[in-house]
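Structural characterization, general
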Protein chains: 4
Amino acid sequence: MVTTAISEAPPLDVERWFNTDMPLTLEVLRGKVVVVHAFQMLCPGCVAHAIPQAKRLHEIARRRDDLVVLGLHCVFEHHAAMTPIALEAFLHEYRVAFPVAVDRPSAEGPIPRTMAAYGLQGTPSTIVIDRAGLIVRHSFGAEDDLVLGLVVGSLLNDGPAGGPQ
Amino acid sequence: MVTTAISEAPPLDVERWFNTDMPLTLEVLRGKVVVVHAFQMLCPGCVAHAIPQAKRLHEIARRRDDLVVLGLHCVFEHHAAMTPIALEAFLHEYRVAFPVAVDRPSAEGPIPRTMAAYGLQGTPSTIVIDRAGLIVRHSFGAEDDLVLGLVVGSLLNDGPAGGPQ
Amino acid sequence: MVTTAISEAPPLDVERWFNTDMPLTLEVLRGKVVVVHAFQMLCPGCVAHAIPQAKRLHEIARRRDDLVVLGLHCVFEHHAAMTPIALEAFLHEYRVAFPVAVDRPSAEGPIPRTMAAYGLQGTPSTIVIDRAGLIVRHSFGAEDDLVLGLVVGSLLNDGPAGGPQ
Amino acid sequence: MVTTAISEAPPLDVERWFNTDMPLTLEVLRGKVVVVHAFQMLCPGCVAHAIPQAKRLHEIARRRDDLVVLGLHCVFEHHAAMTPIALEAFLHEYRVAFPVAVDRPSAEGPIPRTMAAYGLQGTPSTIVIDRAGLIVRHSFGAEDDLVLGLVVGSLLNDGPAGGPQ
């Protein structure tokens, strides 16, 4: 499932962060292209495909100043298993170095708050946000590397810091 | 690392079982070839290679009466993350259908009891036990499918229920 | 090896074409982004990685009018084995649907003419040409999907037919 | 498709051999387990799966004296492309070190002689022959490593040179 209707990216409602010294907001990242990888640590498709993809994209992003990769741990099932302490061990074992936000649990049900605000259907989901803070692409399931690269690449050349890699 | 010095398989010291109605013992399984896959749910090499291999071997084993595949969850690190409740979610999400034993924690240190008794170096480890209860092969790290198949196949033809598949 | 020094793409010197009704030239394709996959049919890295990548990129390209994928069969070894008739069977068996040019053999040595004009080091090589006919990137060896996608994406948003996919 | 009806292996009718100093026959190999990988050099399933599997099995076989891996190049289509000279380049590029027989073409049609004698349905096909020269298993299509290992392993323990690896 791919949505390309453009809309403003809601703020990230985050319980805590890993791999960053200070909490991040989309507002602070305005002007950069942001790719958010929504995952659960016990989701097989995330572990086999989406997290390795996010790690590779992060390796590219850390060499430029106009692209940011964020993880979003949005637990909507097995809440007792996928706690922040379990996530911390997971990030260590899988060598995940990009910033990861823990989506804030909701009092009303199993779906955490950011997941609800973005209308995510499950994990893995990939959200591409442009320099202006608009959601340009939102996909559920395994995202092809070439397709993701094309979408992100087209946004990188769009702004003041653009130009081919 | 591969050990092929033949020795008697120590008993499994188990805190609890998943995917079996009653606790299993090697004694009860005497007469069958038993392949024990020792893993941790947050071990990347286990998730990417050893557990899928064990699942495929289990699919073969469930069609015959002389071969058994067992999982052994031997947690020696990140104990707070890899609890039995987390393991239960993991087994569900990864569709692991073979019996899985939770290695009994030790009061003396991080290494659980069966892991210590077998002298396992880490996870994944694969232990092949013959019909007489002897350890025929013990390997640490990713085990090649062809090599494992050859070892197990040579044991299956060894006893009263033998013969080519 | 990656070269990013920008220079004008030399013309393709072609003995014959497959998968196109009429011969193609870079001049005719001016205004589009062109990705040239240089390969040999008996090159393992081409068969395992580069040709599948080119096929996936071609699937994307055929749904838009600003991107073209071309194959270039540049035989510089085993000339007696990799004849056009053998290539034709190869393209059929591997379901290659994008246009493939047979690089024109040289009278002076084993390196065919287009390969020499582009200074290719071997196969697989990937050449990305922008809408103006300039070589933006030239890489030898397996090219990462994400990296290729980013480079091509940044060029697609550059011209009159641009915009996110 | 898997056939397990046991029958005597017909002789190999061979035009020429690669990777062996002298022609081989099944008769000479009697007493060993023989695995014959029937392939075509332009068959994608052979290149992606069956030949790498045969190479790995050959690496195991060369360390023991009771197991032999043979390739059988049985060209039944694209005869002009898959000549012995093209095969020679292929074997070099793909680092195939096990002996490969070129199946003898037939005057009566496109199917070569050994392929016809064995009733192969296509490529890749895998034929497992026991120490007595009987076909124990004959499969068409990608053969699972574990399954092949189990079948071969059960035969290795069967004879005078048996015993676990």
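Here, the structure is the one placed above.
An account of the accompanying structure is given in this report. Remember, predicted model here, so these are calculated numbers, not experimental data.

Glancing now at the overall build of chain A. Looking only at helices and strands, chain A features 5 helices and 8 strands. Going from N to C terminus, chain A has its helices and strands arranged as β-β-β-α-β-α-β-α-β-α-β-β-α. A globule of 165 residues ought to have a C-alpha radius of gyration of about 15 Å, and chain A, at 15 Å, matches this closely. Dimensions along the principal axes, computed over C-alpha positions, put chain A at roughly 45 × 30 × 30 Å. In chain A, which comprises 165 residues, the share counted as buried stands at 57%. On chain A, roughly 6,700 Å² of surface is accessible, and the fraction owed to carbon and sulfur atoms is 54%. Side-chain charges of chain A comprise 13 positive and 18 negative groups, with the mean position of each set lying 5 Å from the other.

Chain B shows no contact with chain C. Their nearest C-alpha atoms sit 21 Å apart. Between chain A and chain D there is no contact, and the shortest C-alpha to C-alpha distance separating them is 21 Å.

Okay, the interface of chain C and chain A next. Bring the parts together and some accessible area is lost; that lost area is often taken as the interface size. The partner chain A presents 22 residues to the 22 residues of chain C that form the contact. When chain C packs against chain A, close to 1,900 Å² is buried across both sides, 70% of that on carbon and sulfur atoms. At the junction of chain C with chain A, the criterion picks out 2 salt bridges. A salt bridge links R56 of chain C to D144 of chain A; its shortest N-O distance comes to 3.9 Å. Scanning the region where chain C abuts chain A turns up 4 residue pairs in polar contact (both at pLDDT 80 or more). At the level of secondary structure, the elements contributing two or more residues to the side of chain C that touches chain A comprise α2 (44-61), β8 (134-140) and α5 (145-156) of chain C.

Attention now goes to the environment of L146 of chain C. On the secondary structure map, L146 of chain C appears in helix α5. For L146 of chain C, a relative accessible area of 0% translates into the label buried.

Now for the relation of the copies chain D and chain C. Superposing chain D onto chain C takes a rotation of 180° plus a shift of 0.0 Å along the axis, which leaves an RMSD of 0.0 Å. As the rotation angle and translation indicate, the two copies are arranged about a two-fold axis. A shared binding surface is used by both copies, with 100% of the interface residues of chain D retained as interface residues in chain C.

Buried within helix α3 (residues 84-93) of chain D are the following residues: A86, L87, A89, F90, L91 and E93 of chain D. Elements in contact with the buried residues of α3 of chain D: α2 of chain C together with β3 (14-18), β4 (33-39), α2 (44-61), β5 (67-73) and β6 (100-103) of chain D. At the exit of α3 of chain D stands R95 of chain D, carrying a positive phi of roughly 50°.

The subject of this paragraph is unusual backbone geometry. In this model, T123 of chain A is joined to P124 of chain A through a cis peptide bond whose omega is 0°. Here P124 of chain A is to be found in the loop between α4 (113-118) and β7 (125-129). Not every positive phi belongs to a glycine, and H78 of chain C is a case in point at roughly 50°. Position of H78 of chain C among the secondary structure elements: in the loop between β5 (67-73) and α3 (84-93). One non-glycine residue with positive phi stands out, namely N19 of chain D, at about 65°. Position of N19 of chain D relative to the elements: it lies in the loop between β3 and α1 (26-29).

Here we come to the packing of aromatic side chains. Tallied over the full model, the rule gives 8 aromatic pairs over all chains. These aromatic residues form a ring-pair network of at least three members: F39, F90 and Y94 of chain A.

On to the pattern of salt bridges. All chains considered together, the criterion is met by 28 salt bridges over all chains. The partner of R131 of chain A in a salt bridge is D66 of chain A, with the nearest N and O atoms 3.6 Å apart. Taken together, the positions of R131 of chain A in the loop between β7 and β8 (134-140) and D66 of chain A in the loop between α2 (44-61) and β5 (67-73) put the pair 65 residues apart, joining distant regions of the chain. Of the two residues, R131 of chain A and D66 of chain A, neither departs from the other in class, the shared state being buried. Here the salt bridges do not stand alone but share partners, grouping R56 and D145 of chain A together with D144 of chain C into one network.

This part takes up the packing of helix α5 (residues 145-156) of chain A against α2 of chain C. Contact geometry for α5 of chain A and α2 of chain C: axes closest at 10 Å, N-to-C directions at 55°. Between α5 of chain A and α2 of chain C, the interaxial angle falls into the category oblique. Between α5 of chain A and α2 of chain C the crossing geometry is right-handed. On α2 of chain C, the residues that touch L146, V147 and L150 of chain A of α5 of chain A are Q53, R56, L57 and I60 of chain C. Of the residues in the contact of α5 of chain A with α2 of chain C, the class split is 5 nonpolar, 1 polar and 1 charged.

Contact with chain D, which involves 16 residues of that partner, is made by 16 residues of chain C. In total, chain D and chain C occlude about 1,300 Å² of area from one another, counting both sides; carbon and sulfur atoms represent 70% of this. When the area that chain D buries against chain C is broken down by residue, the three leading residues are L42, E93 and Y94 of chain D, summing to 39%. Remark: the boundary between chain D and chain C carries 0 salt bridges. The tally of links between chain D and chain C comes to 2 residue pairs in polar contact (both at pLDDT 80 or more). If you list the elements that add at least two residues to the side of chain D that touches chain C, you get α2 and α3 of chain D. Per-element tally for the side of chain D that touches chain C: the top contributor is α3 of chain D, with 6 residues. Residues that form the side of chain D that touches chain C fall into these classes: 12 nonpolar, 2 polar and 2 charged.

What counts and how
Residues numbered from 1 in each chain as written. Chains lettered and ligands numbered in written order. Predicted model: local features only at pLDDT ≥ 70, side-chain atom pairs only at ≥ 80, totals over all residues. Heavy atoms only, no water. Helix = DSSP H or I, 4+ residues; strand = E, 2+ residues; numbered from the N terminus. Rg over C-alpha atoms; globule rule 2.2 N^0.38 Å. Buried < 20%, exposed > 50% of the residue type's maximum accessible area, 1.4 Å probe, protein only. Areas by Shrake-Rupley, 256 points an atom, 1.4 Å probe, with all protein chains shown as cover. Lys, Arg positive; Asp, Glu negative; His and termini not counted. Charge placed at Lys NZ, Arg CZ, Asp CG, Glu CD. Contact = heavy atoms within 4.5 Å. Buried area = accessible area lost by both parts, 1.4 Å probe. Salt bridge = Lys/Arg side-chain N within 4 Å of Asp/Glu carboxyl O. Polar contact = N/O pair within 3.5 Å; in protein donor to acceptor, adjacent residues only side chain to side chain. Least-squares fit on C-alpha atoms with pLDDT ≥ 70 in both. Phe/Tyr/Trp six-rings, centres within 6.5 Å; stacked < 30°, edge-to-face > 60°. Axes fitted to C-alpha atoms, helices over the stretch in contact; angles between N-to-C directions. Parallel < 35°, antiparallel > 145°, perpendicular 65-115°, else oblique. Left-handed = near helix turned anticlockwise from the far one by under 90°. Nonpolar A, V, L, I, M, F, W, Y, C, P; charged D, E, K, R; others polar.

From the geometry alone we can't say anything about function, so treat these as descriptive.
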